[in-house]
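# Tertiary structure, described
The primary structure of each chain is shown beneath.
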Amino acid sequence: MGDPALITAWTTVAIAAVTGGGAAATCFLIWRGIVEMRRSSDQRAKDREARERADLRRHDEAMAALRALIERTAGRAGAVD
């Protein structure tokens, strides 16, 4: 058999390597998760802005139609047939 101190030293090195590799993989996965969350948040913000612009455009169109209707019917409000 080999030297017990040498076996203990190599075992410690192996455990440290596996643990370090696992920690590095965990850090990488956390980092990737954060990147994806940020990307998703940015996309939601863009979608929300687009919806808000579309809603504002529809509101402006509805108000223009309402103004046109009021202008067309305003002269007839006091008229008697």
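Look up a bit, the structure's there.
A few points on the structure. Everything numeric in this text was worked out from a predicted model, so none of it was measured.

## A look at the overall build of the protein
The secondary structure content of the protein amounts to 1 helix and 0 strands. Compactness check: the protein gives a C-alpha radius of gyration of 35 Å against a globular reference of 12 Å for 81 residues, more than 25% above the reference. Taking all 81 residues of the protein together, 1% fall into the buried category. Total accessible area on the protein stands at roughly 7,200 Å², and carbon and sulfur atoms take up 65% of it. Computing the positive centroid from 13 side-chain charges and the negative centroid from 11, the protein places the two 2 Å apart.

## Re the pattern of salt bridges
A side chain with one charge may pair with a side chain of the opposite charge, provided their charged atoms come close. In the structure shown here, the tally under the stated rule is 3 salt bridges. Among the salt bridges present, the one from Glu36 reaches Arg39, with a minimum N-O distance of 3.1 Å. Residue Glu36 and its partner Arg39 are located together in helix H1 (residues 4–74), separated by 3 residues, close to a single helical turn. Looking at Glu36, the relative accessible area reads 32%, which means it is partly exposed.

## What about a nonpolar patch on the surface?
A cluster of nonpolar side chains, contributed by Met63, Leu66, Leu69 and Ile70, occupies part of the molecular surface with about 320 Å² of accessible area. Within the secondary structure, Met63 is located in helix H1.

Conventions adopted
Residues numbered from 1 in each chain as written. Predicted model: local features only at pLDDT ≥ 70, side-chain atom pairs only at ≥ 80, totals over all residues. Heavy atoms only, no water. Helix = DSSP H or I, 4+ residues; strand = E, 2+ residues; numbered from the N terminus. Rg over C-alpha atoms; globule rule 2.2 N^0.38 Å. Buried < 20%, exposed > 50% of the residue type's maximum accessible area, 1.4 Å probe, protein only. Areas by Shrake-Rupley, 256 points an atom, 1.4 Å probe, with all protein chains shown as cover. Lys, Arg positive; Asp, Glu negative; His and termini not counted. Charge placed at Lys NZ, Arg CZ, Asp CG, Glu CD. Salt bridge = Lys/Arg side-chain N within 4 Å of Asp/Glu carboxyl O. Patch = residues over 30% accessible without salt bridge, like charges linked within 9 Å, V, L, I, M, F, W, Y side chains within 5 Å.

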